[in-house]
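Topology and contacts: notes
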Amino acid sequence: MLVVMERGASPELVERVCKEIEKMGLIAHSMPGAQRTAIGVTGNKAQVDSDRILTLDGVRDIIHVTQPYKLVNREFYPEDTIVDVGGVKVGGPELVVMAGPCSVETKEQCFAIAERVSQAGAKIFRGGAFKPRTSPYSFQGLGEDGLKILAEVRDRFGLKIVTESIDTETLPLVAKYADIVQIGARNMQNFSLLKKAGKAGKPVLLKRGISATLEELLMAAEYIMAEGNHDVILCERGVRTFADHTRNTLDLSAIPFVKRNSHLPIIADPSHGTGRREKVLPLTRASVAVGSDGIMVEVHHQPEKALSDGAQSISPDMFDQLMAEVRSISAVVGRKVT
Ligand code: PEP
Ligand code: MN
């Protein structure tokens, strides 16, 4: 349920309405907007007695939100959420590119890649220090040593860092080093991890599960927001289908659906979404065209030697080309890339 306050309702009035809602055993989330404040109400098991709230001073209207996701719902919060990552704004007029290797391997590797992607215009550096691998015998990541390398990349190149947390044990460590904590596809419904990410004090990049519906994705984001963290960025990274010409099927229609139903930003990952280097550029073009707020792409200076996801990693030269095309297509759809 959404309580819409009168235009110009004072903070004291909003506070009083929140208290009244809480007295009814519900949770009130005050959401100041440009025009007026709205108060999201969650925690109700059944329909709330809205008459009692409607009669309170300063209340203009009540909207019942029928979808199960509330805080992430655009009906709850009509304006686009812009996630501020230390000055890099995701979800605003600017299209943000995140690039880097699948895994942090060495300092030399990260510096070689960071130098090229930052020159080309990436604002955020990606790289996993903790890797969720299908096989226990595959490279599992450098752990904290990898996080330290990422911190050096930030210092040296001025890039923000996005890196994955794979479990609740190491989440505080990852959050200490990262500018954005990534929750991977395999963990999209790891509810204890989602709750902890909601309290980690850092923006969260939440990737869509391998066979998750969009309602499930939005409900996963709801877990994070319900803990008080409103800085959530969603990511379409492809789902498993019958198609076997790609690793996953990048579901481009997810982007306009999410933009319509949620105020949260959503980016596309055409690397995991295709699994093949030569398909990354065409699917990047399409992602920008359908309104993605950003792109996350795997880049490696020696893709053939990569310790993970080499087949889908593009070279720095290919990344230059990708950025040039992202710039031209962004302009057509009213976005900019600085
Ligand atoms: C990754 O970003 O390297 C990754 C493991 O992604 P996903 O969770 O989408 O598979
Ligand atoms: Mn990867």
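The preceding data block contains the structure.
All of the points below concern the structure found in this document. (Residues numbered from 1 in each chain as written. Chains lettered and ligands numbered in written order. Predicted model: local features only at pLDDT ≥ 70, side-chain atom pairs only at ≥ 80, totals over all residues. Heavy atoms only, no water.)

This part covers the overall build of the protein. Of the regular secondary structure elements, the protein holds ten helices and 14 strands. Across its three principal axes, the protein shows a C-alpha extent of roughly 65 × 45 × 45 Å. In the protein, which comprises 338 residues, the proportion classed as buried is 55%. Considering only intrachain contacts with a sequence separation of at least 6, the fraction spanning at least 24 residues in the protein is 68%. Accessible surface, the protein as shown: approximately 14,300 Å² in total, 51% of it carbon and sulfur. (Helix = DSSP H or I, 4+ residues; strand = E, 2+ residues; numbered from the N terminus. Buried < 20%, exposed > 50% of the residue type's maximum accessible area, 1.4 Å probe, protein only. Contact = heavy atoms within 4.5 Å. Areas by Shrake-Rupley, 256 points an atom, 1.4 Å probe, with all protein chains shown as cover.)

So, about the coordination of the manganese ion (ligand 2). Protein ligation of the manganese ion (ligand 2) involves Cys 102 (SG), His 272 (NE2), Glu 298 (OE) and Asp 309 (OD), the donor distances falling in the range 2.1 to 2.4 Å. Here the donor residues of the manganese ion (ligand 2) share one chain and are spaced in sequence as C-x169-H-x25-E-x10-D. Of this pair, Cys 102 sits in the loop between strand S7 (96–100) and helix H3 (107–120) while Asp 309 sits in the loop between strand S14 (294–298) and helix H10 (316–332), and the two are 207 residues apart along the sequence. Each member of the pair, Cys 102 together with Asp 309, is buried. (Donors = N, O, S within 2.8 Å, 3.2 Å for Na, K, Ca; no water.)

The environment of ligand 1 is made up of 13 residues, and the closest members are Arg 126, Gln 182, Ala 185, Arg 186 and Arg 237. At 2.9 Å, a side-chain N or O of Gln 182 approaches an oxygen atom of ligand 1. At 2.6 Å, a side-chain N or O of Arg 237 approaches an oxygen atom of ligand 1. Contact with the protein chains hides 97% of the accessible area of ligand 1, taken as 300 Å² for the molecule alone. More than half of the atoms belonging to ligand 1 lie within 2 Å of the grid points that define the largest pocket. When the residues that make up the shell around ligand 1 are grouped by side-chain class, the tally is three nonpolar, three polar and seven charged. (Near = heavy atom within 4 Å. Polar contact = N/O pair within 3.5 Å; in protein donor to acceptor, adjacent residues only side chain to side chain. 1 Å grid on protein atoms, 1.4 Å probe; cavity = no way out; pocket = protein on both sides within 12 Å on 5 of 7 lines; lining within 4 Å. Sits in = over half its atoms within 2 Å of the grid points. Nonpolar A, V, L, I, M, F, W, Y, C, P; charged D, E, K, R; others polar.)

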